[in-house]
Amino acid sequence: MALSGEAPTTRVGKVLGIAIVVSLITGAIAGFGAGFLARAPSQAPAQAPQERDFWVFTVVLPFNDTPATPHDYFAPDRMTVNQGDTVTIHFFNTETEPEDHTFTMAAPYEMNHVVPYNSTVSFSFTASTPGIFAYRCVYHQPTMTGWLVVLQP
Ligand SMILES: [Cu+2]
């Protein structure tokens, strides 16, 4: 009493074949979805190293610093880069009277650039070590301090 005249075993074979195909497609979709969900939040593409330029200025607050309290600071006093970036800093001493400032960092970014008044010094380095590092003017502590933030990719 087959409906289409086929033998019952042929129909069972067709149903089984369709079930296998459907389960393969369902499994593939589920696997793709699981892979997408597993990778989406955590694997942002790594940032390629960039060239970064910063213009840093000396700023004088409007009060007299004699005898004890310095009135100078860096603008900006925070620079954020990615590990591996090449950082170029153009440091302007904006003083109009003879007063030196320095751009000084301890290890691992060891440097000490002394900049006379009314002049500019440019220098570059590779941000190879991640972390937060102070840059200071050795003459005007504690006010003249800034922070280099090197982010890990
Ligand atoms: Cu200074």
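Described in the following lines is the structure provided in the data block. (Residues numbered from 1 in each chain as written. Predicted model: local features only at pLDDT ≥ 70, side-chain atom pairs only at ≥ 80, totals over all residues. Heavy atoms only, no water.)

**With respect to the coordination of the copper ion**
So, step 1. Within the protein, the atoms that donate to the copper ion are H101 (ND1), C137 (SG), H140 (ND1) and M144 (SD), at distances of 1.9 to 2.8 Å.
So, step 2. Note that the copper ion binds four donor atoms; their angles at the metal cover 89 to 135°, and the shape is irregular.
So, step 3. All donors of the copper ion come from a single chain, and their spacing in sequence reads H-x35-C-x2-H-x3-M. In this pair, H101 sits in strand β5 (residues 101-105) while M144 sits in the loop between β8 (131-136) and β9 (145-151), placing the two residues 43 residues apart along the sequence. The same class applies to H101 as to M144, namely buried. (Donors = N, O, S within 2.8 Å, 3.2 Å for Na, K, Ca; no water. Tetrahedral: all angles 85-135°; square planar, octahedral: opposite > 155°, others 65-115°. Helix = DSSP H or I, 4+ residues; strand = E, 2+ residues; numbered from the N terminus. Buried < 20%, exposed > 50% of the residue type's maximum accessible area, 1.4 Å probe, protein only.)

**Notes on the pattern of salt bridges**
Where charged atoms from two side chains of opposite charge come close, those side chains can pair.
So, step 1. Applying the stated criterion to the full structure yields one salt bridge.
So, step 2. Residue R52 is joined to D85 by a salt bridge in which the shortest nitrogen-to-oxygen separation is 2.3 Å. With R52 in strand β1 (residues 51-60) and D85 in the loop between β3 (78-82) and β4 (86-93), this residue pair connects regions lying 33 residues apart in the sequence. (Salt bridge = Lys/Arg side-chain N within 4 Å of Asp/Glu carboxyl O.)

**Thoughts on the nonpolar core**
So, step 1. Membership of the largest hydrophobic core comes to 22 residues, with the highest contact counts inside it found for I89, F91, F103, Y109 and L148.
So, step 2. The leading source of residues in this core is β4, at three residues.
So, step 3. Not counting the four nearest positions on each side in its chain, F103 is found in contact with F74, M79, I89, F91, M111, N112, H113, F123, Y135 and R136. (Core = buried A, V, L, I, M, F, W, Y, C linked by side-chain atoms within 4.5 Å. Contact = heavy atoms within 4.5 Å.)

**Considerations on the sheet that holds strand β2 (residues 72-75)**
So, step 1. In spatial order, the strands read β2-β1-β4-β7; together these four strands make up an open sheet with mixed pairing. Two strands bound the open sheet, and with one partner strand each, they are β2 and β7 (119-126). Along the sheet, successive strands turn relative to each other by an average axial angle of 20°, direction set aside.
So, step 2. Bridging between β1 and β4 involves seven bridges; their strand directions are parallel. Paired with F54 across the two strands is I89, which belongs to β4. (Pairing = 2+ DSSP bridges. Axes fitted to C-alpha atoms, helices over the stretch in contact; angles between N-to-C directions.)

**Focus on the packing of aromatic side chains**
So, step 1. What the rule picks out here adds up to nine aromatic pairs.
So, step 2. Here the aromatic rings of F57 and F92 are separated by 4.9 Å at their centres, their planes lie at 35°, and the arrangement is tilted. In this pair, F57 is assigned in strand β1 and F92 in strand β4, connecting sequence segments 35 residues apart.
So, step 3. Look at F57 and you get partly exposed, because its relative accessible area is 32%.
So, step 4. For F92, a relative accessible area of 26% corresponds to the partly exposed category.
So, step 5. Summarising the aromatic geometry, the rings of F91 and F103 are spaced 5.9 Å apart at their centres and angled 65° between planes, so their arrangement reads as edge-to-face. (Phe/Tyr/Trp six-rings, centres within 6.5 Å; stacked < 30°, edge-to-face > 60°.)

**Concerning the environment of N93**
So, step 1. Tracing the sequence through the fold places N93 in strand β4.
So, step 2. Apart from residues no more than four positions distant in its own chain, N93 is found in contact with T58, E99, D100, H101, V115, P116, Y117, N118 and S119.
So, step 3. Of the polar contacts made by the side chain of N93, one reaches the backbone oxygen of E99; its length is 2.9 Å.
So, step 4. Only 2.8 Å separates the side chain of N93 from the backbone oxygen of V115, close enough to count as a polar contact. (Polar contact = N/O pair within 3.5 Å; in protein donor to acceptor, adjacent residues only side chain to side chain.)

**What to know about the pairing of β5**
So, step 1. By the criterion of burial, β5 is predominantly enclosed, with five of the five residues buried.
So, step 2. Residue alternation in β5 divides its side chains into two sets, H101, F103 and M105 and T102 and T104, and both sets are buried.
So, step 3. Direction of pairing for β5 relative to strand β6 (residues 111-115): antiparallel, over a ladder of five bridges. The residue of β6 that forms the bridge with H101 is V115.

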